[in-house]
Amino acid sequence: MGTILLSEDPSEAASQGVPAPHSASAVVAPSDGSTTSRFGPESVKIGGSSSANGAGARESGGGGGDALDYAAAAAIPHSCIGVVSRDSEFVVQGGSALGNFACVGEADSNGGMHENRGASGLENGGECGPRDIHLVCPDVVGLQPVALVDHVARVDWSLLESVPGERGGSMRVTEEELDHILREVNSHFLMSANGVVEQGVKTLAGGSVANTIRGLAHGLGVKTALVGVRGTDDRGEMFAENMAHAGVDLSRLRAVPGLTAQCACLVDAEGNRTMRPCFLNAVRLQSEELTGEDFKGAKWVVLNGYGFYGEDLLERAVDLCKEEGVKVSMDLASFEVVRNFRPTLMRLLESRKVDLVFANEDEARELIKAEQNPCPETCLNFLSKYCERAVVMLGSKGCIARHGNETVRVPAIKETIAVDTTGAGDLFASGFLYGVLNNFSLEDCCNMGCCTGGAVVRGLGGEVGEEGWEWMQQQLKFRKLSLIQHTTRTT
Ligand SMILES: Nc1ncnc2c1ncn2[C@@H]1O[C@H](COP(=O)(O)OP(=O)(O)OP(=O)(O)O)[C@@H](O)[C@H]1O
Ligand SMILES: [Mg+2]
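Residues numbered from 1 in each chain as written. Chains lettered and ligands numbered in written order. Predicted model: local features only at pLDDT ≥ 70, side-chain atom pairs only at ≥ 80, totals over all residues. Heavy atoms only, no water.

1. Quick word on the packing of helix 11 (residues 361-368) against helix 12 (residues 376-384)
The test is simple: Comment: axis = line fitted to C-alpha atoms, over the contacting stretch for helices; angle = value between 0 and 180 degrees taken between N-to-C directions. Strands are runs of DSSP state E lasting at least two residues, helices are runs of H or I lasting at least four, and both sets are numbered from the N terminus onward. Left-handed describes a crossing whose near helix is turned anticlockwise from the far helix through less than a right angle; right-handed describes the clockwise counterpart. Note on definitions: a residue-residue contact is assigned when non-hydrogen atoms from the two residues lie within 4.5 Å.
One way to put it is that helix 11 packs onto helix 12 with a least axis distance of 10 Å and a crossing angle of 65°. Taken as a pair, helix 11 and helix 12 cross one another with a handedness that is left-handed. On helix 12, the residues touching Glu-361, Ala-364, Arg-365, Leu-367 and Ile-368 of helix 11 are Pro-376, Thr-378, Cys-379, Phe-382 and Leu-383.

Written out as structure tokens, the structure is:
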């Protein structure tokens, strides 16, 4: 059995014909039949003992056999994209909680990889080149210039009142202010009826785009990748681990020495969240570092108004996406972002390069400005002037959306208890985009969004847990919707 190892070292990978930045993936299939899948800096070992022969090397060894190879490929967990060899052939396998993908190809004598058949992403119109390590192109790429770790906790009013800035928004704070908030959190947790702390602080990979991409990958089986920068500190490692576990392709996420940003997400008893992020000294992606490669092969890109904090970043990303034929979706992020960057945002909308826009009521009202309290329809009319698809999200009231001449209003899912609304809009976008990718009607795109948005508010943080995904599946059934398998197994 020959085993292909691809390097995490870009120069080594380049010598194998794998273009950076698509070089940070490798799988070890040692002769004892165990499989170690390496994705970016992560390493997941499946059975047997791990082979640590060093990334970049190529080895051959005996043992295994077809059945074992395919079994090993199938055993690569939800969270991984992996490669298992079979003589001169290889199997690429990856997936998510609800779907997997696989393709088969040949390894050439130089260690290059040529896809032969079966990658669902390619069948669906992806444009991966034959030597592209990921063979399976992401359908959706998210751009989050700054990797972020969220510290989420349900806290009492007194803490929220002492935190500067408007309730419900997202105001940037200094490191000292963030440290102070996080220290205070410990003595302000919400208590259950019998006087016990309900839940402590939950720390997880955060950021609006990361939330959307993670939801698409983990719960909906969509092939996704994240573009951005993370630090090589513990928070950066944690960010990458969390996203890789969800099945997100991290080969376009740069890891650079430095700090990863963090954010305090304070949730009140009604589930409303107030965010206080700190980006000072955190590593970030500069606009000039973006290239067409970052978006290549994708059908959609997920952008967020927070990107306006990086000069020219969103404008450049949109232009690159247009050159690559990638459709652009953008969430307006927060009313503060709209307030701070209104002229830039309007310029971008007026360019008509944003194909799909998501706004909540506060953001849309801030954008319109003209009227005191415009109704959601007025907000939608405004956004629809610039974007082919526009959605105004209305929290527990659902959403209103327009595509061309069609307008729909879809209620939220009532059968959910909002523990924490962090990420509601982000996960709504996951579901809505899933519908768009699968040519659902506008109403069903909204239904999908309401199911995924409803799922995330059931737990703490912008990540849907296993219970949440099961709940979502039930809600889809009630609405006569189901997930389309994105994947074709080759076995
Ligand atoms: N309390 C709730 N009950 C049921 N569904 C909800 C609730 N809150 C939000 N949702 C769902 O999530 C969607 C998006 O919510 P919302 O309008 O609060 O977005 P948002 O303000 O952008 O959220 P965030 O910025 O925190 O991610 C809603 O359209 C709805 O379908
Ligand atoms: Mg939002």
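2. Concerning the sheet that holds strand 14 (residues 253-256)
Filter applied, for reference: Being paired, for any two strands, means DSSP has found at least two bridges between them.
Ordered by their spatial adjacency, 9 strands build an open sheet running 14-13-10-17-18-19-20-21-22, and the pairing between neighbours is mixed. The open sheet terminates on both sides in strands that have one partner only, identified here as strand 14 and strand 22 (406-410). Averaged over neighbouring strand pairs, the angle between their axes works out to 15° when direction is ignored. Strand direction decides the pairing type here: strand 17 (residues 300-304) and strand 18 (residues 327-331), joined by 5 bridges, are parallel. Bridge pairing in strand 18 places Leu-303 opposite Met-330. The sheet contacts of helix 11 involve strand 18, strand 19 (356-360) and strand 20 (389-393), and relative to strand 19 the element is tilted by about 105°.

3. Here's the deal with the confidence of the model for the protein chain
Convention followed: Values of pLDDT, ranging from 0 to 100, describe the predictor's confidence in every residue of the model.
In this model, the protein chain carries a mean pLDDT of 78, and residues with pLDDT of at least 70 account for 70%. Here residues 1-134 is modelled with pLDDT under 50, and outside its nearest four sequence neighbours on either side it reaches 323 contacts, counting other chains as well.

4. A closer look at the pattern of salt bridges
Counted only if it meets this: We count a salt bridge whenever a side-chain nitrogen from Lys or Arg sits within 4 Å of a carboxyl oxygen from Asp or Glu. Relative accessibility decides the category of a residue: with a 1.4 Å probe and only protein chains considered, values under 20% of the type maximum give buried, values over 50% give exposed, and everything between is partly exposed.
By the definition in use, this model includes 16 salt bridges. Between Glu-166 and Arg-339 there is a salt bridge whose closest N-O contact spans 3.3 Å. With Glu-166 in the loop between helix 4 (157-162) and helix 5 (175-185) and Arg-339 in helix 9 (residues 335-340), this residue pair connects regions lying 173 residues apart in the sequence. Relative accessible area serves as the criterion here: at 43%, Glu-166 is assigned to the partly exposed category. For Arg-339, a relative accessible area of 42% translates into the label partly exposed. Of the charged contacts, one joins Arg-409 and Glu-377 as a salt bridge, the two residues approaching to 3.0 Å between their closest N and O atoms. Pair noted here: Arg-409 is in strand 22 and Glu-377 is in helix 12, with a separation of 32 residues, a long-range link. Given the relative accessible area of 47%, Arg-409 is considered partly exposed.

5. A word on the packing of aromatic side chains
We count it as follows: Side-chain rings of Phe, Tyr and Trp (the six-membered ring for Trp) are treated as a pair once their centres are within 6.5 Å; stacked means planes under 30 degrees apart, edge-to-face means over 60, and tilted covers the remaining angles.
By the definition in use, this model includes 7 aromatic pairs. Consider the rings of Phe-308 and Phe-341, whose centres lie 5.8 Å apart with planes at 25°: the pair is stacked. Placement of Phe-308 in the loop between strand 17 and helix 8 (313-324) and of Phe-341 in the loop between helix 9 and helix 10 (342-350) is noted, with a sequence separation of 33 residues between them. The two residues Phe-308 and Phe-341 agree in class, both being buried. Between the aromatic rings of Phe-428 and Phe-432, the centroid separation amounts to 6.1 Å while the plane-to-plane angle is 20°, which identifies the pairing as stacked. Placement of the pair is Phe-428 and Phe-432 together in helix 13 (residues 424-437), with a separation of 4 residues, close to one helical turn. A residue is classified by how much of its surface remains accessible, and Phe-428, at 6% relative accessible area, is buried. Here the aromatic cluster, defined as three or more aromatic residues joined through ring pairs, consists of Phe-308, Tyr-309 and Phe-341.

6. Observations regarding helix 8
What counts, and what does not: Expected span of a helix: the number of residues minus one, times 1.5 Å. The arc under discussion is defined with respect to the helix axis, by the directions toward the C-beta atoms.
The first and last C-alpha atoms of helix 8 sit 16 Å apart over 12 residues, in line with the 16 Å expected at 1.5 Å per residue. For helix 8, the set of buried residues is Leu-313, Leu-314, Ala-317, Val-318, Leu-320 and Cys-321. For helix 8, the arc enclosing every buried residue in end-on projection is 165°, short of the 170-degree limit, so these residues lie on one face. Buried positions along helix 8 lie against strand 10 (140-146), strand 17, strand 18 and helix 10. Positive phi shows up at Gly-325, right after helix 8, with a value of about 75°.

7. Regarding a negative patch on the surface
Stated formally: Only residues whose relative accessible area exceeds 30% and that take part in no salt bridge are eligible for patches, with like-charged residues grouped when within 9 Å of each other and nonpolar side chains (Val, Leu, Ile, Met, Phe, Trp, Tyr) grouped when within 5 Å. All accessibility values rest on the Shrake-Rupley procedure with a 1.4 Å probe; residue burial counts only the protein chains present in the view. Charged residues are defined narrowly, with Lys and Arg counted positive, Asp and Glu counted negative, and His plus the chain ends left uncounted. Every charge is mapped onto a representative atom, which is NZ of Lys, CZ of Arg, CG of Asp or CD of Glu.
Residues Glu-175, Glu-176, Glu-177 and Asp-179 make up a contiguous surface patch of negative charge. For Glu-177, the position within the fold is in helix 5. Judged by its relative accessible area of 36%, Glu-177 is partly exposed.

8. Topic: helix 13
Compared with an ideal rise of 1.5 Å per residue, which puts 14 residues at 20 Å, helix 13 spans 20 Å between its outermost C-alpha atoms and is within 8% of the ideal. The buried fraction of helix 13 is high, at 13 of 14 residues. Phi turns positive, to about 55°, at Asn-439, one or two residues after helix 13.

9. Thoughts on the sheet that holds strand 15 (residues 261-267)
An order of 12-11-15-16 is seen for the 4 strands of this open sheet, with the pairing classed as mixed. The strands lining the two open edges of the sheet, one partner per strand, are strand 12 (202-206) and strand 16 (273-278). Taken over all neighbouring pairs, the strand axes of this sheet differ in orientation by 25° on average, direction set aside. Packing of helix 5 onto the sheet brings it into contact with strand 11 (148-154), strand 15 and strand 16, and relative to strand 15 it is tilted by some 40°.

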